[in-house]
Amino acid sequence: MTEAAAPPPRPLWRRLLGFNLLTAVLLGIGGWYLGWFGAHAIGAESLEYFEDTDYNELSVYLAYLGGVIGFLVGLGFLNYPIARLRGYPPSLREKETHGWTRYFSLCTDHKVVGIQYLWGIGLFFFIGGLNAMLIRTEQLSPHSQSFPMGTYLTLVGMHGTMMMGMMTSGILGPFANYLVPIMIGARRMAFPRIEALTFWLLMAAGAILTTTIFFGGFPTGWTGYAPLQTQANPGMDNYILFFALVGVSMTLLGLNMIATILTMRAPGLTWTRLPIFVWGVLSTAVLMVLAAPVLIAVLSMGALDRTAQTSFFNAAAGGSSYLYQNLFWVFGHPEVYILALPGFAIVLELLPVFARKPLWGYRLAVAGLLGVSLLSWFVWQHHLFVSGMNGDLRPFYMLSTELISIPTGFTFLCGMMTLWRGRISFTVPMLFCLAWFFNFLIGGLSGVFLSDTPSDVTTHGSFFSMAHFHYTIMGGLVFTFFAAIYYWVPKMTGWELHEGLAKIHFWTMFIFFNSTFAPLLAAGFLGQARRAPVYTGNLKFLNDWVSISAFLLGISMLIFLFNLVWSLAFVKQPAEANPWGSRSIEFQLPSPVPVHNFDRIPVFSNDPYGYGEGPAPSYVVPAGAPAGRE
Amino acid sequence: MASEPSAATSPSDSTNHGLRVVVVWLVLSAIATPLVAIYVGPLIPPGNATVQGQGQTFDNQVMTAFVTPILCLLAVFFAYGLIQFHVRRNEAILDGPPIRNDSQIQLLWIVITTVMVLFLAGFGTYELLQDGSGGGQGPNPIALPAHHQDAFQVQVIAQQWQFTYRYPSLGGLESNQLYLPANTTVALHVTSLDAIHSFWAYELGVKADANPGVDNVAYVETKGPTTFHVRCAELCGLWHPYMFNNGRVVDSAQFQAWASQQQRVYASIKPFMNKPESEGGAPYAKTYFPEPDRRAG
Amino acid sequence: MAAEPLADEGTSYAVVEQEPPEILGRNLISASYLLAGATAFFFIAFVFAYFYLRSLNNAGMWKPHGVDASIGWGTAVVACYALSALLVRFSLGERRALRRSQWRLKGLAALLFGVVGLVLQVIDWTQESFGPADGGFASVYFGWTAFLFLFVLCTLLWLEMSVAMSFRYRKTDGPPPAGHASGDPHRRAPDISDPLSLIRAELVGLSFYWTFLAGIAVVSWVILYLI
């Protein structure tokens with residue numbers, strides 16, 4: 001077959017027509033108003049059950065559902081089902097062309113989706129970070145001063161919800177989507193359209209959460225505890241819809257990852273040769289598929305309480321506030337490991353490269369990842385030690401919570417022994433990985449106090465627990481997120497990031513992160529409650545210190561942003577194919593990776609960690625061998 | 001393709017680095033752990049105002065001492081490892097020794113972490129069952145202090161956005177001040193009228209969530225007279241940040257004086273929640289379901 | 001061993017193999033297992049809510065007087081779902097034996113029973129003597145059946161798509177045109193070498209999922225109507 005001449009480029013206005021982000025936004029707004037007025041038209045307000053509320057919650061739900069459907073239709077997600085209904089044969093790929101327009105439309109190339117995720121999640125990460133800056137502004141004074149109380153609570157809630165919701169996909173979204181197919185020697189994910197759907201659903205969800213400010217915000221924080229949730233104003237509906245959509249996106253993302261890893265591995269890639277990052281993705285994806293549906297279910301109950309006046313969470317009418325807390329944390333505790341596990345995997349994946357040694361104790365590391373994944377299901381009531389729920393089960397939950405530190409310890413042991421006697425070079429990704437050890441150690445050891453029921457009586461609901469989970473999630477996830485960015489973004493985009501700025505970013509971030517959260521551990525012990533802008537005067541110095549550190553931490557993020565934009569948009573220094581000397585397969589491909597990843601499906605003969613064990617594996621099929629995987 | 005890394009390994013190294021780290025770690029831990037246990041541990045709140053608070057402080061002291069050797073190990077390991085094994089400036093990056101495993105170290109690590117975890121869980125359970133540690137235990141507490149049968153009952157009724165304290169032994173007296181008699185075992189029955197709140201008496205070492213329809217019991221054994229802060233520790237709506245007040249532990253003479261003064265003040269006010277005892281009502285309901293049960297607004 | 005590079009800057013489509021058909025089939029089947037797992041966890045939340053609220057019976061409002069789901073309607077609904085799922089399961093054999101008309105008939109009948117089940121469910125809601133605001137059981141009942149309704153509806157859409165494709169499948173002889181649905185002007189190879197082989201895999205996945213969901217419907221029947 002001969003290569004056909006590319007058709008002449010179409011004018012810009014013509015390219016704006018069609019199924020793309022612009023159409024999607026327009027149809028989304030249209031669908032929103034359709035739902036809003038549709039709900040009013042069918043007289044939702046006049047139903048008996050809605051008489052005693054001032055607000056018409058049903059309209060809010062229908063409006064946003066209409067908006068989401070319009071958005072997805074505008075992106076072209078209905079085209080394929082309709083084509084199949086009309087009798088066209090199945091296909092896998094859409095819009096896998098070159099050019100920038102594919103980033104703003106439904107594209108089934110897993111590499112495009114990965115980069116879409118990186119920028120999309122980055123956007124909401126910065127909105128969430130901005131919220132944190134505003135929260136710290138308020139905390140400069142022991143009294144409520146900068147914002148009205150409702151606005152402050154909305155800021156707290158949006159910061160938490162945005163970070164928990166969006167950063168759940170913070171590593172699986174950009175990096176697993178981009179890298180897992182390459183690492184397992186495939187050309188695509190198992191379900192390319194579902195892969196794109198998870199991303200665009202997340203963006204729709206982000207827009208919904210951001211627009212909560214037009215409906216009065218929500219007062220509950222990211223946990224959305226129920227009797228308060230039921231009485232809150234319509235901004236709460238945005239929270240429910242946001243988290244439910246994130247739940248759908250998570251379920252599908254996890255499902256897609258598991259199916260891909262199970263079925264699409266290249267010849268020779270046995271389970272013990274799988275890169276540890278893929279194992280981390282797998283153990284996270286299992287949690288996603290099983291935990292997120294519980295979240296969707298509990299939020300559905302909340303939505304029914306708010307619209308149809310059911311009484312799932314209303315104790316006076318046969319419900320229970322414990323029901324919400326139970327179900328939420330059945331999701332919520334696996335959720336925090338969904339955040340942490342990819343971080344473990346990235347650390348273990350990167351350490352061998354920069355210590356120039358094989359990954360120590362591969363099987364133990366895998367056992368650690370899977371063990372955390374399994375145990376995380378049995379610990380949820382440690383969030384409820386003082387709630388009065390099942391007081392006699394507290395010793396069990398204390399034990400199960402502390403048991404999790406055993407598989408987590410495997411990760412530490414494997415990481416530390418990989419470094420031992422290695423040839424360690426302090427590159428930027430390596431610095432972030434080493435910082436992970438420090439942060440997660442502090443996070444883990446502060447967790448010892450929280451898991452101990454007597455000590456938890458004082459620390460529960462205080463800044464201590466808040467600082468603890470910032471150490472584990474920000475210190476565990478966000479630091480490895482940046483390690484992954486500095487390690488893989490040159491591969492993904494084909495351009496290098498500026499190393500000097502990156503080092504400044506690391507050192508400012510590491511110092512000010514600790515300077516922000518270490519004093520908060522003390523503030524919690526001294527009695528400062530979470531989510532309250534009012535605290536006793538003796539804590540003012542600590543809080544001022546923390547606020548200033550937090551602002552400097554924000555500036556460090558701006559340095560990163562500047563580096564990203566400057567390096568990728570202006571300098572455009574081409575990246576080498578293998579700048580780190582890695583033996584992993586993605587670094588044997590050109591930067592950026594070509595559209596179909598491989599000319600031939602590679603054959604694996606070893607794991608990618610054989611540093612010091614002879615020449616790097618070539619991954620190549622012998623010439624003349626039949627193409628294909630059988 | 002990119003520059004292939006040199007496959008050569010670095011020259012073998014006969015120094016016993018492991019022994020050095022272990023020795024330094026043992027010495028450091030032996031010095032640091034007692035210091036931390038003696039000087040840092042007791043500084044950790046909530047303090048010694050009550051038996052429960054004292055128990056928590058002791059717990060924190062033990063755990064601070066417990067985590068110190070772990071912290072020391074990691075500190076020594078990384079300080080030594082990163083200094084000893086990093087690639088010097090202008091040095092060629094060679095591959096390290098291809099050590100993939102050591103089953104003895106794995107076994108040792110698993111055994112040690114398991115023993116540590118079991119110790120922590122056992123210690124925590126023991127401490128909890130001693131006296132309940134001031135935490136809310138639900139309607140049927142299992143961790144009871146010594147004199148729980150004749151504990152002084154106080155009901156804490158949380159609502160948006162204040163606490164009301166109800167004393168069944170004082171004829172159902174309701175007050176917005178929390179006074180507790182000194183040297184007494186107190187049973188706090190915490191419940192809520194609307195959203196989830198949390199009753200946190202910081203200096204007493206007490207925290208118990210207030211759920212609507214739930215009688216959440218927390219025990220505290222007071223010691224000498226003192227004052228303490230009470231605040232809501234669970235986000236409960238708009239004015240949650242201002243849901244706090246102060247309480248006092250006073251000796252019995254002062255407590256009687258305060259009680260009769262309060263009874264005089266509130267004598268003219270009909271008890272809000274229940275019929276008074278004289279009309280056959282109980283002085284005390286475990287939970288309350290105020291009407292209307294639907295949400296307002 | 002001739003060291004060819006894994007990929008060049010411009011991947012030539014002529015070199016890229018077509019997708020072996022059995023991979024997509026395996027994907028579909030494993031995805032239906034995973035989806036069943038996710039669905040199970042979704043409904044486990046409702047099972048938990050049922051038993052939790054029942055055991056608490058807060059304010060005596062679990063099942064106030066007069067709140068009881070009508071077993072007749074419930075049995076009819078669940079029977080329709082189960083029958084539909086069974087028909088799909090049986091049609092699998094017809095499909096394997098390439099008795100196309102038989103499979104189409106069974107598929108259509110399954111679709112019909114499913115839709116009847118949905119309609120009966122809506123009638124059931126209107127016929128109950130209580131509304132969603134009448135206590136704990138009423139909440140669980142309406143929430144559970146409403147979401148089961150949604151899941152069944154989506155599954156029936158999937159079934160409808162499979163049946164419709166069986167009727168309307170074009171180009172049944174020979175592979176589909178190159179790059180037919182990719183919108184990729186450079187593409188010269190078909191995406192999937194044998195799209196027809198996928199229909200059976202899709203049916204296996206669908207049948208598994210629909211049977212699983214019908215099983216959940218039977219569980220909900222036992223819990224909501226029987227006990």
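Being a predicted model, the structure only gives us computed values, none of them experimental.

> Lay out the overall build of chain C in plain terms, naming residues and giving numbers.
Scanning chain C from N- to C-terminus turns up five helices and zero strands. Its helices and strands in sequence order give chain C the pattern α-α-α-α-α, from N to C terminus. Here chain C holds 227 residues, and 51% of them are scored as buried. Partitioning the contacts of chain C with sequence separation of at least 6, the portion at a separation of at least 24 is 82%.

> Just give me the short version of the packing of helix 12 (residues 321-355) of chain A against helix 16 (residues 428-451) of chain A, but keep the residues and values in it.
Residue and element names in this part refer to chain A. As a packed pair, helix 12 and helix 16 sit with axes 9 Å apart at the nearest point and diverge in direction by 130 degrees. Relative to helix 16, the element helix 12 is oriented oblique. In the crossing of helix 12 with helix 16, the sense of the turn from one axis to the other is left-handed. From helix 12, A340, G343, F344, I346, V347, L350, L351, F354 and A355 reach across to helix 16, where they touch P429, M430, C433, W436, F437 and F440. The residue makeup of the contact of helix 12 with helix 16, split by class, is 14 nonpolar, one polar and no charged.

> Break down the side chain of S32 of chain C for me, citing the residues and quoting the values.
Residues and elements named next belong to chain C. Secondary-structure assignment places S32 in helix 1 (residues 21-56). Here S32 falls in the buried class, since its relative accessible area comes to 1%. Among the polar contacts listed, one links the side chain of S32 to the backbone oxygen of I29, at a separation of 2.8 Å. When near neighbours in sequence (up to four residues on either side) are disregarded, S32 contacts G205, F208 and Y209.

> Give me the environment of W200 of chain B: which residues, what numbers.
Residue placement: W200 of chain B occurs in strand 6 (residues 197-201). Relative accessible area serves as the criterion here: at 1%, W200 of chain B is assigned to the buried category. Each C-alpha atom of the pair W200 of chain B and R231 of chain B lies 5.3 Å from the other, and the pair is 31 residues apart in sequence. For W200 of chain B, the contacting residues outside a window of four places in its chain are T458, S462, G524, G527, Q528 and A529 of chain A together with V206, K207, H229, V230, R231 and A233 of chain B.

Conventions we followed
- Residues numbered from 1 in each chain as written.
- Chains lettered and ligands numbered in written order.
- Predicted model: local features only at pLDDT ≥ 70, side-chain atom pairs only at ≥ 80, totals over all residues.
- Heavy atoms only, no water.
- Helix = DSSP H or I, 4+ residues; strand = E, 2+ residues; numbered from the N terminus.
- Buried < 20%, exposed > 50% of the residue type's maximum accessible area, 1.4 Å probe, protein only.
- Contact = heavy atoms within 4.5 Å.
- Axes fitted to C-alpha atoms, helices over the stretch in contact; angles between N-to-C directions.
- Parallel < 35°, antiparallel > 145°, perpendicular 65-115°, else oblique.
- Left-handed = near helix turned anticlockwise from the far one by under 90°.
- Nonpolar A, V, L, I, M, F, W, Y, C, P; charged D, E, K, R; others polar.
- Polar contact = N/O pair within 3.5 Å; in protein donor to acceptor, adjacent residues only side chain to side chain.

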